[in-house]
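# Summary of structural features
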Amino acid sequence: MAKKRKHYDDDDGRTIVDMNVDGMPWYQPNRDKNKKVDDEDRPTRKERFAMIRAWFAAYAPRIFAVFVGFGLTIGLLVCWLNGWFIK
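The paragraphs below set out a description of the structure included in this document. Predicted model only: the values in this text are computed from it and were never measured. (Residues numbered from 1 in each chain as written. Predicted model: local features only at pLDDT ≥ 70, side-chain atom pairs only at ≥ 80, totals over all residues. Heavy atoms only, no water.)

### Notes on the environment of arginine 31
Secondary-structure assignment places arginine 31 in the segment before α1 (45-82). With relative accessibility at 38%, the residue arginine 31 sits in the partly exposed group. The spacing of arginine 31 and asparagine 20 is 11 residues in sequence and 8.6 Å in space, taken between C-alpha atoms. Residues within four places of arginine 31 in sequence aside, it is in contact with Asp18 and Asn20. (Helix = DSSP H or I, 4+ residues; strand = E, 2+ residues; numbered from the N terminus. Buried < 20%, exposed > 50% of the residue type's maximum accessible area, 1.4 Å probe, protein only. Contact = heavy atoms within 4.5 Å.)

Following this line, the structure appears as structure tokens:
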């Protein structure tokens, strides 16, 4: 009885990592490594700006929290070193 191969709906057949590694049985040393990237794989200008905007939206609260934390720390150090908390 032949084994049935699993079929994944999200598999479109693209290779993510180059598996042409020295020592593997399918290694081809003369294979063209400088293959041109298809234009359809590159993001458009609109998609690129959407990715940048999403990155800022995701990391802005974290960056803001770090700046606020540093500001509070520096403010407390200035007050402590100037003796404003001592009566």
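### Focus on α1
For α1, spanning 38 residues, the distance from its first C-alpha to its last is 52 Å, which sits close to the expected 56 Å at 1.5 Å a residue. The sharpest bend along α1 comes to roughly 45°, located at tyrosine 59, with the proline proline 61 sitting one to four residues further on. Just downstream of α1 lies glycine 83, where phi reads positive at about 80°. (Expected span 1.5 Å × (residues − 1). Bend = angle between axes of the 7 residues up to and from the residue.)

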